[in-house]
Amino acid sequence: MEPIDLQEKCATCPGDLCCTYFTQEIDTPRSKLDFNNLLWAIAHERTKLFKDEGRWYLLVENRCTHLRADGGCGIYDSRPQACRDYQADYCERDARAEDGFELFFPDYDSLLAYCKQRFRTWGR
Ligand code: SF4
Ligand code: SF4
């Protein structure tokens, strides 16, 4: 198989996908109140929720302030560790991350439907 030219791959990436959001791991939600609080969070624009390998995360779609108009990183030499750890050889350009999640809630309504299914007494 041909080796991947990662510099070329990122330089031609439409939208520089991996620099346009961040995720934050959260405590595993268990109670109705936990999920009610997550409904509040996900009611905000560009905020999503997912579960991956048993762990829960908020995902906020918000462009990094260091992402330059030309797609380069404005602080490349001192970029955070999360950016350094990100694997470009198989990334969101190759497959949508959400396709591999255990659970994915892109909006309020999808999470509300899950809450109603999970808790028979939801809303009471
Ligand atoms: S790592 Fe992937 S998603 Fe990020 S800029 Fe490179 S090709 Fe695009
Ligand atoms: S610091 Fe640089 S590499 Fe990290 S998300 Fe921002 S633009 Fe991308």
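Preceding this paragraph is the structure being described.
Cut-off values and rules
- Residues numbered from 1 in each chain as written.
- Chains lettered and ligands numbered in written order.
- Predicted model: local features only at pLDDT ≥ 70, side-chain atom pairs only at ≥ 80, totals over all residues.
- Heavy atoms only, no water.
- Helix = DSSP H or I, 4+ residues; strand = E, 2+ residues; numbered from the N terminus.
- Rg over C-alpha atoms; globule rule 2.2 N^0.38 Å.
- Buried < 20%, exposed > 50% of the residue type's maximum accessible area, 1.4 Å probe, protein only.
- Areas by Shrake-Rupley, 256 points an atom, 1.4 Å probe, with all protein chains shown as cover.
- Lys, Arg positive; Asp, Glu negative; His and termini not counted.
- Charge placed at Lys NZ, Arg CZ, Asp CG, Glu CD.
- Salt bridge = Lys/Arg side-chain N within 4 Å of Asp/Glu carboxyl O.

Caption draft 1: Looking closely at the overall build of the chain. Of the regular secondary structure elements, the chain holds 4 helices and 4 strands. Compactness check: the chain gives a C-alpha radius of gyration of 17 Å against a globular reference of 14 Å for 124 residues, more than 25% above the reference. Viewed in the frame of its principal axes, the chain has a C-alpha envelope of about 55 × 35 × 20 Å. With 124 residues in all, the chain has 27% of them scored as buried. Of the roughly 9,100 Å² of accessible surface on the chain, 50% is carried by carbon and sulfur atoms. Across the chain, the mean location of the 17 positive side-chain charges is 9 Å away from that of the 22 negative side-chain charges.

Caption draft 2: A look at the pattern of salt bridges. According to the stated counting rule, one finds 8 salt bridges in the structure shown. For Arg68, the salt bridge is made with Asp70, and the minimal N-O distance between the two is 3.1 Å. With a relative accessible area of 40%, Arg68 lands in the partly exposed category. A salt bridge links Asp99 to Arg96; the nearest nitrogen and oxygen atoms lie 2.8 Å apart. A residue is classified by how much of its surface remains accessible, and Asp99, at 53% relative accessible area, is exposed. When salt bridges that share partners are traced, they join Arg96, Glu98 and Asp99 into one network.

Nothing here speaks to function; it is all geometry.
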